[in-house]
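# Close look at the chain arrangement
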Amino acid sequence: MTAEKTGATALQKPPRRTGFFRGLSGRLLLLTVVFVMLAEVLIFVPSVANMRIRWLEDRLNTAAAAGVVVDGLQDVQLSRPLQEETLMATGTKAIVLRRKGESRLIAAEDMPPEVDAQYDVAAMTPLAAIRDAFDTLLFGGDKVVRIYGPIGESDAIIEVVMEDASLRKAMLIYSRNVFFLSLAISLFTATLIFLAIRRLMIAPIRRMTANMQDFSADPADSARVLAPSPGEDELSVAGQHLAAMQRQLQKTLKQQKNLADLGLAVSKINHDMRNILSSAQLISDRLADVDDPIVKRFAPTLLRTIDRAVGYTTEVLSYGRTTEPAPHRRFVRLRPLVSDVAEMLAIDPNAGIDFRIQVPDDVLVDADSEQLFRVVHNICRNAVQALMNDPGEAGSPRTITVSAMRTGSVVSISVDDTGPGMPPKARENLFAAFRGSARSGGTGLGLAIARELVLAHGGTIALVEKPTPGTLFRIELPDRPVPLDAFRSKPRP
């Protein structure tokens, strides 16, 4: 009891609140930021390479403007102060103009530094541009580079020598701006997605979670069933299925409670019934000694009936237990067993019901005789009740036919009647206790018990469709497999 109370308390205890980023909402926000930043990185790689090329082209264009002006002044050499101002304005260390195989030094320092790398902006491939851009970002700042390219559509080429420190500084500023812009875009996008997902998904999920916690506290309360949201999206459909499952669970719990109450009532009745049947058994034993021929004729049947009733009272609650007792199997003749079923049914001769036994005398069934009797009796009793409740058309036959045949190691038993047949509700809940009854006020236990007993024998029981009115049940019982040791112990010819 302590363990059960502890388990119930654990089920009703609300879950501990988790941190924001440990919940689904926080994870969604964080993942959105990360994914947008990754997308921005993929955009940043070619954009920073393109920014570097544009920056170099601007420097070449500035140097080209100065070079064209100076080149227009034939045989004029810029003075040293003017060259220094030109180099300072263009951010270079040397400017050279090439045209038609001729080169002219526009401006240069007294001692031009050694060049570490050179780049042709007109013949730079995308991959080379990306490689050079990251080389400048990661390892630049103290290098001297030579840059050259054409001047507009002319055949003139402008060439400059410069340090890459200013280029690297400009690229770092650009990268910083891109980073903060990407971060702002990702946060803005993540916030919009977060709010939309929270409204469309997180809120309905939390509502269903809270309802499941509330419902688990008292599943029998119909007010705790989820009121599903209308719609055809996945969460709406999930809510509708959850509500249907909760209603079905309440229905099942109600049936289980009724079953438990029924078991308690039957157990009380069973105690007194066993005492009454024991007294009837003692009296019936004395009837066997009476010399009246009618008494002697019916006394054996009465004794077997009371013995079976005493046995049933002992096992009356077996359906409420886990399983029926294991069958004690042996080969029994089927025809006498069916004859006992007919006697037990005690069909009124005036009822107009013909009980036919079409079982060969040599058919043996490997089964527990008492359990097989219960199976056949339950099915035949249902057939008698169906025929009694349905008078049918005048002159129509009202028969119950029990037939059997052996095919190899399997015995097939058929119980066929000409009644009204199984109603649709009984077909849908066939073999289900308290739901599979074919008549008003029935419990459906007969077929449920019959199926359990047949399955315990390793057999099958099924409702067979037939073209004529009525109901046909077919039972197939296989023989037990022969143990190898028993086969070896048999004498060989």
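Residues numbered from 1 in each chain as written. Predicted model: local features only at pLDDT ≥ 70, side-chain atom pairs only at ≥ 80, totals over all residues. Heavy atoms only, no water.

Moving on: a nonpolar patch on the surface. The grouping of Leu30, Leu31, Val34, Phe35 and Leu38 at the surface amounts to a nonpolar patch, some 470 Å² of accessible area in total. Mapping Leu38 onto the fold places it in helix 2 (residues 24-72). (Patch = residues over 30% accessible without salt bridge, like charges linked within 9 Å, V, L, I, M, F, W, Y side chains within 5 Å. Areas by Shrake-Rupley, 256 points an atom, 1.4 Å probe, with all protein chains shown as cover. Salt bridge = Lys/Arg side-chain N within 4 Å of Asp/Glu carboxyl O. Helix = DSSP H or I, 4+ residues; strand = E, 2+ residues; numbered from the N terminus.)

The buried fraction of strand 10 (residues 410-417) amounts to 6 of the 8 residues, a majority that puts the element mostly inside the structure. Strand direction decides the pairing type here: strand 9 (residues 399-407) and strand 10, joined by 8 bridges, are antiparallel. When the sheet's bridge partners are listed, Arg406 is paired in strand 10 with Val411. Between the antiparallel neighbours strand 9 and strand 10 lie 2 residues, among them Gly408 with a positive phi of about 65°. Examined bridge by bridge, strand 10 and strand 12 (residues 471-478) share 8 bridges and lie antiparallel to one another. What sits directly across from Ile413, in strand 12, is Ile475. (Buried < 20%, exposed > 50% of the residue type's maximum accessible area, 1.4 Å probe, protein only. Pairing = 2+ DSSP bridges.)

A rise of 1.5 Å per residue sets the reference length of helix 4 (residues 126-139), with its 14 residues, at 20 Å; its end C-alpha atoms lie 20 Å apart and thus fit the reference within 8%. Just past helix 4, the residue Gly141 takes up positive phi, approximately 115°. (Expected span 1.5 Å × (residues − 1).)

This part covers the sheet that holds strand 10. Here we have 5 strands laid out as an open sheet, ordered 7-9-10-12-11, and mixed in their pairing. This sheet does not close on itself; its edge strands, each paired only once, are strand 7 (354-358) and strand 11 (460-464). Across the sheet, the axes of successive neighbouring strands diverge by a mean angle of 15°, strand direction being ignored. Relative to the sheet, helix 9 (residues 369-389) contacts strand 7, strand 9, strand 10, strand 11 and strand 12, its axis offset from that of strand 9 by approximately 150°. (Axes fitted to C-alpha atoms, helices over the stretch in contact; angles between N-to-C directions. Contact = heavy atoms within 4.5 Å.)

Glancing now at the packing of aromatic side chains. Within the structure shown, the criterion is met by 1 aromatic pair. The interplanar angle of 70° and the centroid separation of 5.3 Å between the aromatic rings of Phe179 and Phe180 together place this pair among those described as edge-to-face. Cation over ring: Arg52 sits above Tyr119, and NZ or CZ is 4.6 Å from the ring centre. (Phe/Tyr/Trp six-rings, centres within 6.5 Å; stacked < 30°, edge-to-face > 60°. Lys NZ or Arg CZ within 6 Å of the ring centre and 35° of its normal.)

Attention now moves to the pairing of strand 12. Alignment of strand 11 against strand 12, held across 5 bridges, turns out to be antiparallel. Paired with Thr460 across the strands is Glu476, a residue of strand 12. Remark: 6 residues form the turn of the hairpin made by strand 11 and strand 12, two consecutive strands paired antiparallel; Gly470 in that turn has positive phi of roughly 120°.

Describing two packed helices takes the angle between their axes plus the distance from one axis to the other. Interaxial distance between helix 8 (residues 334-345) and helix 9 falls to 9 Å at its minimum, and their mutual angle equals 45°. Taken together, the axis directions place helix 8 and helix 9 in an arrangement best described as oblique. By crossing handedness, the relation of helix 8 to helix 9 is classed as right-handed. Contact with helix 8, carried on its side by Leu334, Leu337, Asp340, Val341, Met344 and Leu345, involves Ser369, Leu372, Phe373, Val376, His377, Cys380, Arg381 and Val384 of helix 9 and no other residues of that element. Among the residues forming the contact of helix 8 with helix 9, the class breakdown is 10 nonpolar, 2 polar and 2 charged. (Parallel < 35°, antiparallel > 145°, perpendicular 65-115°, else oblique. Left-handed = near helix turned anticlockwise from the far one by under 90°. Nonpolar A, V, L, I, M, F, W, Y, C, P; charged D, E, K, R; others polar.)

A word on the sheet that holds strand 1 (residues 94-99). Ordered in space as 2-1-5-4-3, the 5 strands form an open sheet in which the pairing is mixed. Edge strands, defined here as strands with exactly one partner in the open sheet, are strand 2 (102-108) and strand 3 (117-120). In this sheet, adjacent strand axes meet at a mean angle of 20° when their direction is disregarded. Note that strand 1 and strand 5 (residues 157-163) share 5 bridges and pair antiparallel.

With that out of the way, let us pick up the side chain of Thr471. The residue Thr471 is located in strand 12 in this model. With relative accessibility at 7%, the residue Thr471 sits in the buried group.

Throughout the structure, instances matching the rule amount to 15 salt bridges. Its salt-bridge partner being Arg329, residue Asp366 comes within 3.9 Å of it at the nearest N-O pair. With Asp366 in strand 8 (residues 364-367) and Arg329 in the loop between helix 7 (293-314) and strand 6 (330-333), this pair connects stretches of sequence that are 37 residues apart. Look at Asp366 and you get buried, because its relative accessible area is 2%. For Arg329, a relative accessible area of 17% puts it in the buried group.

Moving on: the environment of Ala94. As for its placement among the helices and strands, Ala94 is situated in strand 1. C-alpha of Ala94 to C-alpha of Arg146: the two residues are 52 residues apart in sequence and 9.1 Å apart in space. What Ala94 contacts, discounting residues up to four positions off in sequence, is Leu87, Ala107, Ala108, Glu159, Val160 and Val161.

With that settled, the discussion passes to the packing of helix 4 against helix 5 (residues 165-217). At their nearest, the axes of helix 4 and helix 5 sit 9 Å apart, and the two run at 95° to each other. One finds that helix 4 runs roughly perpendicular with respect to helix 5. Residue-level contacts link Ala133, Thr136 and Leu137 of helix 4 to Leu167, Arg168, Met171, Leu172 and Ser175 of helix 5. Residue classes in the contact of helix 4 with helix 5 are distributed as 5 nonpolar, 2 polar and 1 charged.

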